[in-house]
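The primary structure of each chain is shown beneath.
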Amino acid sequence: MQFPSVAVIVINWNGYRLTEQCLQSLVMVRYPNFKIVVVDNASTGDDTKKIKENFPEVKLIESKVNEGFTGGNNRGIEEALSENFDYIMLLNNDTEQVMNFLDKLVEFMQKTPEAVAVQPRIHYVHDKDKVWSLGGKYNVWLGLTSSLKKAKRNEPFEIDWLTGCCMLVRACVVKEVGQLDHNFFAYYEDVDWSFRMKRAGGRLYCVPEAVVYHVAGASGKTTEKVKEGFVSPFIHYLNIRNQIYFLRKHVDVMYLPSVAIYQLLLLSAYILYFSARGRFAKLKAVIRGVRDGLKMPVK
């Protein structure tokens, strides 16, 4: 039996402990035809040295600058396309995999030609009975993206967008729609990519029988609460900026009035909340995010 080839791309940025756990679980995956590509986003410690020593079978790409989730994954995607892999998987380094998860995803893709990309059922690492994501849905009237937490059955079902935490994409589709939009840097790039795939005529699915566990938020939160909270102002900046940029790219004119009203109310709520709590760094991040999201040239 011939097994399609899969390139699994993992981004590391000063997170060797998580990356090590991820790679250890990937090594146990039963699928017989996949290659792990780790892209290091200019880590400041000895992460690359440890990866080379402990995982010599891994293809390691070392970036001289931190290019974010988008730039790092695009480096891995370029590597995968140059080697003519059949499928490309984006996988967060703060994940652990069930041994047969890749078999389930590839099997579904092989028998479902209209599917251009899929994701597994994703649970929390520290609460393995709790679902983190079954894919995403999109409210066209509000421009609102949200994650599905429940499924009516344990069979594959169609979704509006895939999470970049773990997604499997046909390489031929990547050649058609292009790589991740580097303007995003991090956050909303997965939703944008999903929408571009759908506009090209593809369909996206969640395959609940395939299971991955996710730490969730490991790169954007501090371990101790400070005056500004657990989430850094920069994360709020990226989320606000990228949401506006995403909406500018994808909102249909028909829904523009209702989307604009809802987003204005949402931004006002952020501003009032951060002002009332004295979180002025986050308040400035929101204002900068709005400004930059409106100014960014749309690709």
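Details of the structure are given in the entry above.
Computed from a prediction, not measured in an experiment: that's the story for all the values here.

Conventions adopted
- Residues numbered from 1 in each chain as written.
- Predicted model: local features only at pLDDT ≥ 70, side-chain atom pairs only at ≥ 80, totals over all residues.
- Heavy atoms only, no water.
- Helix = DSSP H or I, 4+ residues; strand = E, 2+ residues; numbered from the N terminus.
- Rg over C-alpha atoms; globule rule 2.2 N^0.38 Å.
- Buried < 20%, exposed > 50% of the residue type's maximum accessible area, 1.4 Å probe, protein only.
- Contact = heavy atoms within 4.5 Å.
- Areas by Shrake-Rupley, 256 points an atom, 1.4 Å probe, with all protein chains shown as cover.
- Lys, Arg positive; Asp, Glu negative; His and termini not counted.
- Charge placed at Lys NZ, Arg CZ, Asp CG, Glu CD.
- Salt bridge = Lys/Arg side-chain N within 4 Å of Asp/Glu carboxyl O.
- Pairing = 2+ DSSP bridges.
- Patch = residues over 30% accessible without salt bridge, like charges linked within 9 Å, V, L, I, M, F, W, Y side chains within 5 Å.
- Expected span 1.5 Å × (residues − 1).
- Axes fitted to C-alpha atoms, helices over the stretch in contact; angles between N-to-C directions.
- Parallel < 35°, antiparallel > 145°, perpendicular 65-115°, else oblique.
- Nonpolar A, V, L, I, M, F, W, Y, C, P; charged D, E, K, R; others polar.

Digging into the overall build of the protein
Reasoning step 1: When its secondary structure is counted, the protein shows nine helices and 14 strands.
Reasoning step 2: In terms of overall dimensions, the protein is globule-like: its C-alpha atoms have a radius of gyration of 19 Å, near the 19 Å expected for 299 residues.
Reasoning step 3: Dimensions of the protein along its principal axes, counting C-alpha atoms only, are 60 × 45 × 40 Å.
Reasoning step 4: Evaluated residue by residue, the protein yields a buried proportion of 53% over its 299 residues.
Reasoning step 5: For the protein, contacts bridging at least 24 residues in sequence account for 74% of all contacts bridging at least 6.
Reasoning step 6: If you sum the accessible surface of the protein, you get close to 14500 Å²; carbon and sulfur atoms cover 55% of it.
Reasoning step 7: Averaging the coordinates of the 39 positive side-chain charges in the protein and doing the same for the 32 negative ones gives two points 7 Å apart.

Description of the pattern of salt bridges
Reasoning step 1: Tallied over the entire structure, the rule returns 13 salt bridges.
Reasoning step 2: We note a salt bridge from K299 to D181, for which the minimum N-O separation is 3.7 Å. One end of the pair, K299, is in the segment after α9 (280–295); the other, D181, is in the loop between α5 (171–177) and α6 (189–199), and 118 residues separate them in sequence.
Reasoning step 3: For D181, a relative accessible area of 4% corresponds to the buried category.
Reasoning step 4: D292 is the salt-bridge partner of R291, the closest N and O atoms lying 2.9 Å from each other.
Reasoning step 5: The exposure class of R291 is partly exposed, given its relative accessible area of 43%.

Considerations on the pairing of strand β6 (residues 115–124)
Each regular strand carries side chains that alternate between the two faces of the sheet.
Reasoning step 1: Counting buried positions over the ten residues of β6 gives nine, a clear majority of the element.
Reasoning step 2: When β6 meets strand β12 (residues 203–214), the two strands line up parallel, connected through nine bridges. Within β12, the residue paired with Y124 across the bridge is H214.
Reasoning step 3: With two bridges joining them, β6 and strand β11 (residues 166–170) adopt antiparallel strand pairing. Residue pairing across strands places V118 opposite L168, the latter belonging to β11.
Reasoning step 4: Where β6 and strand β7 (residues 131–133) come together, two bridges link them in antiparallel fashion. When the sheet's bridge partners are listed, H123 is paired in β7 with V131.

With respect to a nonpolar patch on the surface
Reasoning step 1: A cluster of nonpolar residues, V27, M28 and M99, forms a patch on the protein surface that exposes about 290 Å² of accessible area.
Reasoning step 2: With respect to the helices and strands, M99 occurs in the loop between β5 (95–97) and α4 (101–111).
Reasoning step 3: Since its relative accessible area comes to 41%, M99 is described here as partly exposed.

Focus: helix α1 (residues 16–27)
Reasoning step 1: Over its twelve residues, α1 extends 16 Å from the first C-alpha to the last, a length consistent with the 16 Å expected when each residue adds 1.5 Å.
Reasoning step 2: Along α1, the residues that are buried comprise Y16, L18, T19, C22, L23, S25 and L26.
Reasoning step 3: Those residues of α1 that are buried are in contact with β1 (6–12), β2 (34–41), α2 (47–54), β4 (87–91), β5 and α4.

Regarding the packing of α6 against helix α7 (residues 233–250)
Reasoning step 1: Across the interface, α6 lies against α7 with an axial gap of 10 Å and an inter-helix angle of 10 degrees. Classified by the angle their axes make, α6 and α7 are roughly parallel. Within the contact between the two elements, α6 uses V191, D192, F195, R196 and R199 and α7 uses F246, K249 and H250.
Reasoning step 2: Among the residues forming the contact of α6 with α7, the class breakdown is three nonpolar, one polar and four charged.

Quick notes on the environment of G72
Reasoning step 1: Position of G72 among the secondary structure elements: in helix α3 (residues 68–82).
Reasoning step 2: When near neighbours in sequence (up to four residues on either side) are disregarded, G72 contacts I11, V39, N41 and E67.

Some words on unusual backbone geometry
Reasoning step 1: In the Ramachandran plot, Y187 falls in the positive-phi region, its phi being about 80 degrees despite a non-glycine side chain.
Reasoning step 2: Position of Y187 among the secondary structure elements: in the loop between α5 and α6.
Reasoning step 3: Of note, the phi angle at Y188 is positive, near 75 degrees, even though the residue is not glycine.
Reasoning step 4: Its place among the elements puts Y188 in the loop between α5 and α6.
Reasoning step 5: Y188 sits in the buried class, given a relative accessible area of 14%.

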